[in-house]
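# Analysis of the macromolecular model
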Amino acid sequence: MKRHTKYNTTVTGAEAVILALLDEEVTDIFGYPGGAIMPIYDALYDYTEKLNHYLVRHEQGATHAAQGYSRVSGKAGVVFATSGPGATNLVTGIADAQIDSTPLVCITGQVASHLLGTDAFQETDVVGITMPVTKWNIQVTKAEDIPSALAKAFYIATSGRPGPVLVDITKDAQFGKMIYEYKKCESIRSYFPNPKVDQEEIKKAAALINSSERPMILCGHGVLLSSAEKQLLQLAEKACIPVASTLLGLSAFPPEHELYAGYLGMHGNYGPNLLTNECDVLIAVGMRFDDRVTGNVSKYAKQAKVVHLEIDKSEINKIIQAEVALVGDAKESLELLLPLINSKKRISWLQQFKTCNEIENEKVINNARNPSTEKLLMSEVIDKLNLVSKGNAIVVTDVGQHQMITARYYKSNQPKNFVTSGGLGTMGFGLPAAIGAKIAKPESEVVAILGDGGFQMTIQELGTIMQSEIAVKILILNNNFLGMVRQWQQLFFDRRYSFTEMKNPDFITIAKGYGIQGKKVTERSDLIDELQKMVESKVSYLLEVVVENEENVFPMVTTGASVSEIILE
């Protein structure tokens with residue numbers, strides 16, 4: 001580790017926080033100052049040439065921005081917040097990061113240690129509150145404990161199955177003096193983040209795959225987290241196995257590849273959902289069998305033998321029973337498995353997927369490319385965005401119909417180019433996460449795809465874009481509804497649209513107030529040109545597209561249904 005001039009010198013606990021971040025090679029921080037974290041912000045003042053701080057407009061925005069940053073960079077996102085409401089405002093983003101295995105290091109200020117438990121001004125037990133939604137958290141009350149706590153925080157956040165951690169530092173610990181030393185954490189007693197893959201299980205998995213006639217790979221977020229995209233492609237090509245992706249696994253497998261079967265789940269593609277209940281071996285790589293993927297578990301893949309590659313042992317047999325479990329890093333497991341796999345052709349099995357694709361194209365997808373409606377369709381807009389950007393943009397979605405449409409119609413050409421809130425499904429995620437993604441990859445085009453509802457949950461982050469001059473492109477699909485809830489109300493609640501219709505403000509005027517250029521599109525004839533203008537803009541740009549109010553997302557696996565009962569219309 002490169003030693004800087006502050007080693008073995010006396011510093012405050014606050015400065016120790018900043019020095020520890022530098023020793024962990026942090027370059028970017030998302031945060032919002034306040035009384036209890038003021039000493040850390042004061043220390044940061046002297047290090048702004050080495051650390052970029054992005055002032056968000058709400059602490060939830062900081063966590064989502066840090067998530068977007070982490071998801072495209074592979075590094076831990078770092079967040080600063082003050083005590084009390086500042087800390088509690090982080091909780092939604094922390095919970096989102098926990099369920100989507102995103103490494104964050106959240107540093108919160110806390111009241112002085114002698115005030116703990118007295119209901120002091122802006123005192124909240126953030127360690128107790130966040131315990132269920134963090135991978136690890138700690139409260140630090142002494143300056144000399146700060147470096148070791150942060151070293152452990154970064155190690156835990158980024159090792160094994162990643163996740164968020166929180167370090168709560170009392171104000172007196174920030175003011176306290178200490179001799180600064182820093183040692184990166186490389187192990188913790190009783191914590192084994194990278195289990196060794198069992199060689200006997202590898203042999204069993206290979207034997208199952210080699211004897212199968214109709215195998216299928218389910219590609220999850222773990223493929224991206226372990227950078228196993230190359231190994232997954234090699235396995236698929238060697239054994240001629242179709243690959244379907246979960247929502248968070250999108251971009252891990254080339255979307256135009258002949259073996260790509262499509263997107264799994266409630267609003268996924270017809271073939272991979274239907275044929276899950278036809279395959280004989282199901283190879284699940286870095287995914288956790290979420291309910292949105294399985295539908296009715298009692299009817300899920302009962303005919304198949306399951307090979308589950310997963311780093312987190314607690315996920316094995318939690319929902320779906322595995323015939324063979326490869327507990328370990330996905331990349332390592334695939335590398336051990338590959339030499340034992342036989343080459344094979346599966347012409348008839350692949351033909352079943354092609355037939356399903358033809359059916360879905362006829363019933364659903366062609367409608368997006370040749371719409372018969374007067375108003376624009378969400379699916380049409382995303383299909384055209386894919387055409388204009390050539391699939392090269394990093395797309396970051398909010399949550400709702402537009403999210404499912406983007407997952408279906410945008411074909412990300414590069415790994416980690418699709419970012420969304422999966423497990424928690426957090427409305428308001430998209431805009432700040434796109435900010436973080438752009439900061440992590442400034443050379444890449446980043447498009448935030450938002451619904452009119454989710455956009456307004458974190459609309460204040462336009463201020464972050466304005467102040468830091470972040471060239472994020474914002475595409476709002478405006479149907480004047482909370483679209484996904486409305487779809488369910490239409491299909492299952494007799495069109496009783498209870499409080500889902502939205503009267504929206506003038507988004508273009510609001511953007512203008514933040515110094516962001518914008519345009520509103522209502523006509524099909526203008527769509528391509530305006531998308532092109534948005535993508536080619538050198539600065540931030542907001543494009544609002546008014547779309548059909550009652551467009552539904554199909555295919556769909558309804559609640560309680562089997563994946564083989566997927567409906568197309």
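Structure shown above.
Treat the numbers as computed from the prediction; the structure is a model and nothing was measured. (Residues numbered from 1 in each chain as written. Predicted model: local features only at pLDDT ≥ 70, side-chain atom pairs only at ≥ 80, totals over all residues. Heavy atoms only, no water.)

## Focus: the sheet that holds strand E4 (residues 77-81)
The strand order across the open sheet formed by six strands is E3-E2-E4-E5-E7-E6, and the pairing between neighbours is parallel. The sheet is open, and its two edges are formed by strand E3 (52-55) and strand E6 (136-140), each paired on a single side. When the angles between neighbouring strand axes are averaged without regard to direction, this sheet yields 20 degrees. For strand E5 (residues 104-110) and strand E7 (residues 164-170), the ladder comprises seven bridges, and the chain directions are parallel. Each bridged residue has a counterpart across the sheet, and for Leu104 the counterpart in E7 is Pro164. (Pairing = 2+ DSSP bridges. Helix = DSSP H or I, 4+ residues; strand = E, 2+ residues; numbered from the N terminus. Axes fitted to C-alpha atoms, helices over the stretch in contact; angles between N-to-C directions.)

## Looking at the pattern of salt bridges
Pairing is possible between side chains of opposite charge, provided their charged atoms come close. The final tally for this structure, using the stated rule, is 18 salt bridges. A salt bridge links Asp290 to Arg288, with the nearest nitrogen and oxygen atoms 3.5 Å apart. Look at Asp290 and you get buried, because its relative accessible area is 19%. In this structure, the salt-bridge partner of Glu550 is Arg495, at a minimum N-O distance of 3.5 Å. Here Glu550 is found in the segment after strand E20 (541-546), whereas its partner Arg495 is found in the loop between helix H21 (483-492) and helix H22 (507-513), with 55 residues between them in sequence. (Salt bridge = Lys/Arg side-chain N within 4 Å of Asp/Glu carboxyl O. Buried < 20%, exposed > 50% of the residue type's maximum accessible area, 1.4 Å probe, protein only.)

## What to know about a nonpolar patch on the surface
A cluster of nonpolar side chains, contributed by Leu491, Phe492 and Phe493, occupies part of the molecular surface with about 280 Å² of accessible area. Residue position: Phe492 is located in helix H21. Overall, Phe492 belongs to the partly exposed group, its relative accessible area being 38%. (Patch = residues over 30% accessible without salt bridge, like charges linked within 9 Å, V, L, I, M, F, W, Y side chains within 5 Å. Areas by Shrake-Rupley, 256 points an atom, 1.4 Å probe, with all protein chains shown as cover.)

## Comments concerning the packing of helix H3 (residues 59-73) against helix H18 (residues 430-440)
Where H3 contacts H18, the axes come no closer than 6 Å and their chain directions differ by 45 degrees. Overall, the two elements H3 and H18 adopt an arrangement that is oblique. Handedness of the crossing formed by H3 with H18: right-handed. Contact residues: Gly61, His64, Ala65, Gly68, Tyr69, Val72 and Ser73 in H3; Pro432, Ala433, Gly436, Ala437, Ile439 and Ala440 in H18. Here the contact of H3 with H18 is composed, by residue class, of eight nonpolar, five polar and no charged. (Parallel < 35°, antiparallel > 145°, perpendicular 65-115°, else oblique. Left-handed = near helix turned anticlockwise from the far one by under 90°. Contact = heavy atoms within 4.5 Å. Nonpolar A, V, L, I, M, F, W, Y, C, P; charged D, E, K, R; others polar.)

## A closer look at the sheet that holds strand E9 (residues 215-219)
Sheets are built from strands paired through backbone hydrogen bonds, the pairs being either parallel or antiparallel. Taken in spatial order, the six strands of this open sheet run E11-E10-E9-E12-E13-E14, and their pairing is parallel. Each edge of the sheet is formed by a strand with only one pairing partner; in this case those strands are strand E11 (260-263) and strand E14 (324-327). Neighbour to neighbour, the strand axes of the sheet diverge by 15 degrees on average, direction disregarded. Here three bridges tie E9 to strand E10 (residues 243-245), and the two strands are oriented parallel to one another. When the bridges of E10 are listed, Cys219 appears paired with Ser245.

## Some details on the environment of Asp168
Following the sequence through the fold, Asp168 ends up in strand E7. For Asp168, a relative accessible area of 0% corresponds to the buried category. Considered as a pair, Asp168 and Thr108 are 60 residues apart in the sequence and their alpha carbons are 4.8 Å apart. Residues contacting Asp168, with those up to four places away along its chain left out, are Thr108, Gly109, Gln110, Val126, Val127, Ile138, Gln139 and Val140. A distance of 2.7 Å separates polar atoms of two side chains, one belonging to Asp168 and the other to Thr108. (Polar contact = N/O pair within 3.5 Å; in protein donor to acceptor, adjacent residues only side chain to side chain.)

## Digging into the packing of aromatic side chains
One pass over the full model with this rule turns up twelve aromatic pairs. Their ring planes at 90 degrees and their centres at 5.8 Å tell us that Tyr155 and Tyr191 sit as a pair that is edge-to-face. Separated by 36 residues along the polypeptide, Tyr155 in helix H7 (residues 146-158) and Tyr191 in the loop between strand E8 (177-179) and helix H9 (199-211) bring together distant segments of the chain. A residue is classified by how much of its surface remains accessible, and Tyr155, at 15% relative accessible area, is buried. Classification of Tyr191 as partly exposed rests on a relative accessible area of 22%. Taken together, the ring pairs in this structure connect Tyr7, Tyr180 and Tyr182 into an aromatic cluster. Its end group placed over the ring of Phe481, Arg486 keeps NZ or CZ at 5.8 Å from the ring centre. (Phe/Tyr/Trp six-rings, centres within 6.5 Å; stacked < 30°, edge-to-face > 60°. Lys NZ or Arg CZ within 6 Å of the ring centre and 35° of its normal.)

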